[in-house]
Amino acid sequence: GAGVSQTPSNKVTEKGKYVELRCDPISGHTALYWYRQSLGQGPEFLIYFQGTGAADDSGLPNDRFFAVRPEGSVSTLKIQRTERGDSAVYLCASSLTGASGEQFFGPGTRLTVL
Amino acid sequence: AQSVAQPEDQVNVAEGNPLTVKCTYSVSGNPYLFWYVQYPNRGLQFLLKYITGDNLVKGSYGFEAEFNKSQTSFHLKKPSALVSDSALYFCAPLAGNNRKLIWGLGTSLAVNP
């Protein structure tokens, strides 16, 4: 497809479980971003990749959150020992260079932690 | 601290009337400025951006925005609103060298038929 895709679209899990959220960016985009958005809020920055490396992970809330992008394309956001407060829509975006270019967003993964 | 403000939580306008969604920012240096729109149950979509040059920027769906450096504002405008423009609008400056967009709470636009 031409756009950013994210899987799954919805994920329901129990408190304490481990989850993985996947992002498939637009082909050729070197920059990839993860955000999360709670109801009534704007997106909250989590992490930014330039290629395979995390250029800025200052938004990750704690060490339960981790993200990888091993081949510079697909990225996985991993959350350990999920808590109810992790419930949100997790958004992925990609950008051609990450400089002045616009970010293209995926539809998001709605995570619900029971 | 770098920030963005959209002073109106909600804007209501009648179809066919002009609309304005306000944005002011506090960012060091010369910022890159973006507007995004979020339709219900859909992802964020890029509308337009200001990098440099002409202060009036034209974007998607007939929207435009005016950059005002002295007032540090970047208001979104459209001459004639459509019901289908009803959505959540975010103004997002790109902060400095760390390439992070700064997000506020957005403005909910309701266009009434």
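Scroll up a little and you will see the structure.
Quantities reported herein were computed from a predicted structural model and do not represent experimental measurements.

Participant: Account for the pairing of strand 9 (residues 73-78) of chain B, naming residues and giving values.
Facilitator: Residue and element names in this part refer to chain B. Among the six residues in strand 9, five count as buried, and that is most of the element. Sheet analysis places strand 3 (residues 19-21) next to strand 9, joined by three bridges and oriented antiparallel. When the sheet's bridge partners are listed, Leu-19 is paired in strand 9 with Lys-78. Pairing geometry for strand 8 (residues 64-68) and strand 9, over five bridges, is antiparallel. Considered in strand 9, the bridge of Ala-65 is made with Leu-76.

Participant: With reference to specific residues and values, describe the packing of aromatic side chains.
Facilitator: Scanning all chains against the criterion turns up 15 aromatic pairs over all chains. Ring geometry for A:Tyr33 versus A:Tyr35: centroids 6.3 Å apart, planes at 20°, classification stacked. Taking 5.5 Å as the distance between ring centres and 35° as the angle between the ring planes, the aromatic pair formed by A:Tyr35 and A:Phe105 counts as tilted. On the criterion of sequence distance, the pair formed by A:Tyr35 in strand 4 (residues 31-37) and A:Phe105 in strand 10 (residues 104-105) is long-range, its members being 70 residues apart. An identical accessibility class is assigned to A:Tyr35 and A:Phe105; each is buried. Ring pairing ties together the aromatic residues A:Tyr33, A:Tyr35, A:Phe45, A:Tyr48, A:Phe105, B:Phe34, B:Tyr36, B:Phe46, B:Phe90 and B:Trp103, which thus form one cluster.

Participant: Give a detailed account of the pattern of salt bridges, specifying residues and quantitative values.
Facilitator: The tally for this structure, following the rule as stated, stands at nine salt bridges over all chains. Residue B:Lys100 pairs with A:Asp56 through a salt bridge whose shortest N-O separation is 3.6 Å. One end of the pair, B:Lys100, is in strand 11 (residues 100-101); the other, A:Asp56, is in strand 6 (residues 53-56), on a second chain. One salt bridge in this structure joins A:Glu83 and A:Arg64, with 3.6 Å as the shortest N-O distance. Of this pair, A:Glu83 sits in the loop between strand 8 (75-79) and strand 9 (88-95) while A:Arg64 sits in the loop between strand 6 and strand 7 (65-68), and the two are 19 residues apart along the sequence. Residues participating in the shared-partner salt-bridge network are A:Arg64, A:Glu83 and A:Asp86.

Participant: Talk me through the interface of chain A and chain B; I want residue IDs and the actual numbers.
Facilitator: Contacts between chain A and chain B engage 21 residues on the former and 18 residues on the latter. Together chain A and chain B conceal approximately 1,500 Å² of surface at their shared face, both sides included; 57% is due to carbon and sulfur atoms. Viewed at the interface, chain B and chain A are joined by two salt bridges. Our enumeration of links across chain A and chain B arrives at five residue pairs in polar contact (both at pLDDT 80 or more). Within the residue set of the side of chain A that touches chain B, elements represented by two or more residues are strand 4 and strand 5 (44-50) of chain A. For the side of chain A that touches chain B, the element with the most residues is strand 4 of chain A, which contributes three residues.

Rules of the game
- Residues numbered from 1 in each chain as written.
- Chains lettered and ligands numbered in written order.
- Predicted model: local features only at pLDDT ≥ 70, side-chain atom pairs only at ≥ 80, totals over all residues.
- Heavy atoms only, no water.
- Buried < 20%, exposed > 50% of the residue type's maximum accessible area, 1.4 Å probe, protein only.
- Helix = DSSP H or I, 4+ residues; strand = E, 2+ residues; numbered from the N terminus.
- Pairing = 2+ DSSP bridges.
- Phe/Tyr/Trp six-rings, centres within 6.5 Å; stacked < 30°, edge-to-face > 60°.
- Salt bridge = Lys/Arg side-chain N within 4 Å of Asp/Glu carboxyl O.
- Contact = heavy atoms within 4.5 Å.
- Buried area = accessible area lost by both parts, 1.4 Å probe.
- Polar contact = N/O pair within 3.5 Å; in protein donor to acceptor, adjacent residues only side chain to side chain.

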